[in-house]
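Observations on the three-dimensional arrangement
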Amino acid sequence: MFGEKIDNWVDHPIIRPSINCVAMTYALAQDPKYKDLMTATSNLTGHTINRFTHLHQSPEDLIKKVKMQRLLGQKTASCFQRCVGMDSFNAVYSTTYEIDEKYGTHYHENFKKFLIYVQDNDLTVDGAMTDPKGDRSKAPHEQEDPDVFVHVVERRPDGIVVCGAKVHQTGSINSHWHIFMPTISMKEADKDWAVSFACPTDAEGLYMVYGRQSCDTRKMEDGANIDLGNAKFGGQEALVVLDHVFIPNDMIFLNGETEFAGMMVERFAGYHRQSYGGCKVGVGDVLIGAAALAAEYNGVEKASHIKDKLIEMTHLNETLFSCGLACSCEGCATKAGNYQIDLLLANVCKQNVTRFPYEIVRLAEDIAGGVMVTMPSEKDFKSDMVVGKNGETIGEICKKFFVGRDDIPTEKRQRIMRFIENMCLGSAAVGYRTESLHGAGSPQAQRIMIARQGNIAQKKEFAKIIAGIVDKD
């Protein structure tokens, strides 16, 4: 991070908030109040497990997943980082079953053994899909540098050696293991790039470069608290580099079967696009609440336009939730037995997520006012430097002129403004605003899938029948 090796990342002030988010996925699973949402019964062992390690067994499981994600968004107002692993489990499980069915390979058994290990130890696993890609107009085998897509550089009797990288990997440093998957559909010439496997995060040859976030160095400031906005929780992204990493045979889930690369990508993307109908909604709940508090602290909560903005924010947020539930309710069983969401509705869900959070953020900033980005620092509010003719300190002057309603202490207004700033512009934006656009694929990626799944030909037939149009042979 910042060009230096970090030996103690657990206590690093920039990284620690993301660890607190992951910790919440464990803490809530131990709370009897949330047992139904946070835990499930493993279809592989019959044991009670954390839902983040579960293979969905019904539409009800898919619904509980979305509700669990909303709950965690409400508790952290940030990204809690275990969704990508859960979504990769379900995509790889069903895809490996169908690869084995065609080729007689042992990928499915490999994966089941790995997942049982993950479930029994309640491990956090990063689902690594996005490659750097290099020149987007070229296939993996056409790239000048073959490492811009993860690929096999050596096949040995006991396993494979891989090189490459995955970019902006959520929760990478906080994960015990990684599951690597292809990032695009591939053809025969890309055989060496059609690879999926599991790898421990501390494997020899694997290293990570921490991605920086807006306002991240505020966490390094001595005594910083209010200026952080969300002092306890935060997101995490990293560049994950594979430099000749050895993968044993029993951790390989795809190795050259190019026609299944696209299936794994589409299934993972579908699950992950469903996820956004839960996590982003939970974070949205918190932002709506923060905007409502800002209105109260400013003394404008009764204004009709403020009420209308809060209604619109709620409407947009619940629409996202509805999409997450809809694609879950329409889920169906795969050949492997686990349940998959309705892919069309999952992509519609994520397409809405690329738009609605931006409007929710705009409305929150409108309600809060410009003070959220122009207010003096926390140190100024605490300063005892005397500057006033009557002996007032800088701190007293700041508290005097940044007060809102008479009965609300200035610090409360100060805190909520910084919190909204953090959610809309700061490090939490990685888990809300900007990540809403690009996470689980860019808007165009969803539009491509909507075009594939939309079945325009069938819709044309509906119209022809009712309009009385008969096509001649």
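Residues numbered from 1 in each chain as written. Predicted model: local features only at pLDDT ≥ 70, side-chain atom pairs only at ≥ 80, totals over all residues. Heavy atoms only, no water.

A look at the overall build of the protein chain
Where we set the bar: The secondary structure listing takes helices from DSSP runs of H or I that are at least 4 residues long and strands from runs of E that are at least 2 residues long, numbered from the N terminus. All radius of gyration figures rest on C-alpha atoms, and the globule criterion is 2.2 Å times the number of residues raised to 0.38. Think of it in three bands: with a 1.4 Å probe and only protein chains considered, a residue is buried below 20% of the maximum accessible area for its type, exposed above 50%, and partly exposed in between. Residue contacts follow a heavy-atom distance rule, with two residues in contact if any of their heavy atoms lie within 4.5 Å. Every accessible area reported is derived by Shrake-Rupley at a probe size of 1.4 Å, with residue values counting cover from the shown protein chains alone. Neither His nor the chain ends is counted toward charge; the positive residues are Lys and Arg and the negative residues Asp and Glu. Throughout, a charge is located at the NZ atom of Lys, the CZ atom of Arg, the CG atom of Asp or the CD atom of Glu.
Each helix and strand counted, the protein chain has 17 helices and 12 strands in total. For 473 residues, the compact-globule estimate of 2.2 N^0.38 gives 23 Å, and the protein chain sits close to it at 24 Å. Along the first, second and third principal axes, the C-alpha set of the protein chain runs to 85 × 65 × 50 Å. Buried positions account for 53% of the 473 residues belonging to the protein chain. Of the contacts made within the protein chain by residues no fewer than 6 positions apart, 77% connect residues no fewer than 24 positions apart. Within the structure as shown, the protein chain displays about 20900 Å² of accessible surface, and the carbon and sulfur contribution to it stands at 53%. One way to put it: in the protein chain the 53 positive side-chain charges average out to a point 5 Å from where the 62 negative ones average out.

A word on the sheet that holds strand β4 (residues 151-156)
Threshold: Only when DSSP finds a minimum of two bridges between them are two strands counted as paired. Under this scheme, a helix contributes an axis fitted over its contacting stretch, all axes are lines through C-alpha atoms, and angles between N-to-C directions fall in the 0 to 180 degree range.
Spatial strand order, β4-β5-β9-β8: four strands in an open sheet with antiparallel pairing. Edge positions in the sheet fall to β4 and β8 (206-210), since each has one partner strand and no second. Taken over all neighbouring pairs, the strand axes of this sheet differ in orientation by 10 degrees on average, direction set aside. Pairing of β4 with strand β5 (residues 159-166) involves five bridges; the strand directions are antiparallel. Among the inter-strand pairings, Glu154 is bridged to a residue of β5, identified as Val161.

Focus on the UniProt feature "binding site: FAD" (unreviewed entry) in the protein chain
Heads up, the condition is: UniProt positions are given in the numbering used here, feature names are shortened, and annotations may be inferred rather than shown by experiment.
What UniProt calls "binding site: FAD" (unreviewed entry) maps, in this numbering, to Thr170. Relative to the assigned elements, Thr170 resides in the loop between β5 and β6 (177-180). On the basis of relative accessible area, Thr170 is assigned to the buried category, the value being 12%. Leaving out residues up to four positions away in the same chain, Thr170 has contacts with Cys79, Gln81, Val84, Asp126, Gln236 and Glu237.

Thoughts on the packing of helix α4 (residues 83-103) against helix α6 (residues 261-275)
Short version of the rule: Note: crossing handedness is left-handed where the near helix turns anticlockwise from the far helix by less than a right angle, and right-handed where it turns clockwise. Only Asp, Glu, Lys and Arg are considered charged in this grouping, and only Ala, Val, Leu, Ile, Met, Phe, Trp, Tyr, Cys and Pro are considered nonpolar; every other residue, Gly among them, is considered polar.
Following both chains from N to C, one finds α4 and α6 inclined at 145 degrees, their axes separated by 8 Å at the closest point. Handedness of the α4/α6 crossing: right-handed. Contact with α4, carried on its side by Cys83, Val84, Asp87, Ser88, Asn90, Ala91, Val92, Ser94, Thr95 and Glu98, involves Met263, Met264, Arg267, Phe268, Tyr271, His272 and Ser275 of α6 and no other residues of that element. Broken down by class, the residue content of the contact of α4 with α6 amounts to eight nonpolar, six polar and three charged.

As for the pattern of salt bridges
Quick note on the threshold: Should a side-chain nitrogen of Lys or Arg be within 4 Å of a carboxyl oxygen of Asp or Glu, the pair is scored as a salt bridge.
In total, this model carries 29 salt bridges according to the counting rule given. In this structure, the salt-bridge partner of Asp192 is Arg155, at a minimum N-O distance of 2.7 Å. Of this pair, Asp192 sits in the loop between β6 and β7 (195-200) while Arg155 sits in strand β4; the two residues are 37 residues apart in sequence, bridging distant segments of the chain. Asp192 gets classed as partly exposed once you look at its relative accessible area, which sits at 29%. Glu266 is the partner of Arg452 in a salt bridge, and the nearest nitrogen-oxygen pair spans 2.5 Å.

Focus: the state of the cysteines
Counted only if it meets this: In this description, a disulfide is simply a cysteine sulfur pair whose atoms lie within 2.5 Å.
Overall, the coordinates contain zero disulfides when judged by the stated rule. Cysteine Cys79 is unpaired, with the sulfur of Cys83 as its nearest cysteine sulfur at 6.5 Å. Judged by relative accessible area, which is 16%, Cys79 ranks as buried.

Re the packing of aromatic side chains
To keep things clear, this is the line we draw: Pairing of aromatic rings covers Phe, Tyr and the six-membered ring of Trp, with a centre-to-centre limit of 6.5 Å; geometry is then stacked below 30 degrees between planes, edge-to-face above 60, and tilted otherwise. Cation placement over rings: the criterion is NZ of Lys or CZ of Arg within 6 Å of the ring centroid and within 35° of the ring normal.
One pass over the full model with this rule turns up 11 aromatic pairs. Aromatic ring contacts, followed pair by pair, group Phe89, Tyr93, Phe111, Phe114, Tyr117, Trp177 and Phe253 into a single cluster. Sitting over the ring of Tyr276, Lys280 keeps its end group 4.3 Å from the ring centre.

As for the nonpolar core
Stated formally: Definition used in this section: a nonpolar core is a set of buried Ala, Val, Leu, Ile, Met, Phe, Trp, Tyr and Cys residues joined via side-chain atoms within 4.5 Å.
Counting 55 residues, the largest nonpolar core has Phe89, Phe111, Phe114, Ile179, Phe197 and Ile247 as its most contacted members. Examining the composition of this core, we find that six residues originate from one element, α4, more than from any other. Ignoring any residue separated from it by four or fewer positions in sequence, one finds Ile247 in contact with Asp158, Gly159, Ile160, Val162, Phe197, Ala198, Cys199 and Ile252. One finds Ala290, Ala295, Phe321 and Cys398 within the second-largest nonpolar core, a separate group that totals 41 residues.

Structural notes on the domain arrangement of the protein chain
As a reminder of what qualifies: How far each domain reaches was decided by an automatic or database domain assignment. Buried area is a sum: the accessible area each of two parts loses on coming together, probed at 1.4 Å, counted once for each and added. Within 3.5 Å is the distance limit for a polar contact, defined as a pair of N or O atoms, with the added protein rule that one can donate a hydrogen and the other accept it, and that residues adjacent in sequence qualify only through two side-chain atoms.
The domain architecture assigned to the protein chain consists of domain 1 (15-261) and domain 2 (269-457). Its C-alpha centre places domain 1 at a distance of 25 Å from the equivalent point of domain 2. On the side of domain 2, 46 residues touch domain 1, which itself brings 44 residues to the contact. Buried surface at the junction of domain 1 and domain 2, summed over both partners, amounts to about 3800 Å²; 59% is from carbon and sulfur atoms. Arg70 is paired through a salt bridge with Glu318; the nearest N and O atoms lie 2.6 Å apart. Inspection of the domain 1/domain 2 interface yields 23 residue pairs in polar contact (both at pLDDT 80 or more). Every element with two or more residues in the side of domain 1 that touches domain 2 is listed here: α3 (59-76) and α4. Class assignment of the residues belonging to the side of domain 1 that touches domain 2 gives a composition of 17 nonpolar, 16 polar and 11 charged.

Focus on a negative patch on the surface
Put simply, the test is: Residues enter patches when their relative accessible area tops 30% and they take part in no salt bridge; the joining distance is 9 Å for like charges and 5 Å for the nonpolar side chains Val, Leu, Ile, Met, Phe, Trp and Tyr.
Taken together, the side chains of Glu144, Asp145, Asp147 and Asp243 make up a negatively charged region of the molecular surface. Relative to the helices and strands, Asp145 resides in the loop between β3 (125-128) and β4.

A closer look at the side chain of Ser436
If you trace the backbone, Ser436 turns up in helix α15 (residues 433-438). Since its relative accessible area comes to 0%, Ser436 is described here as buried.

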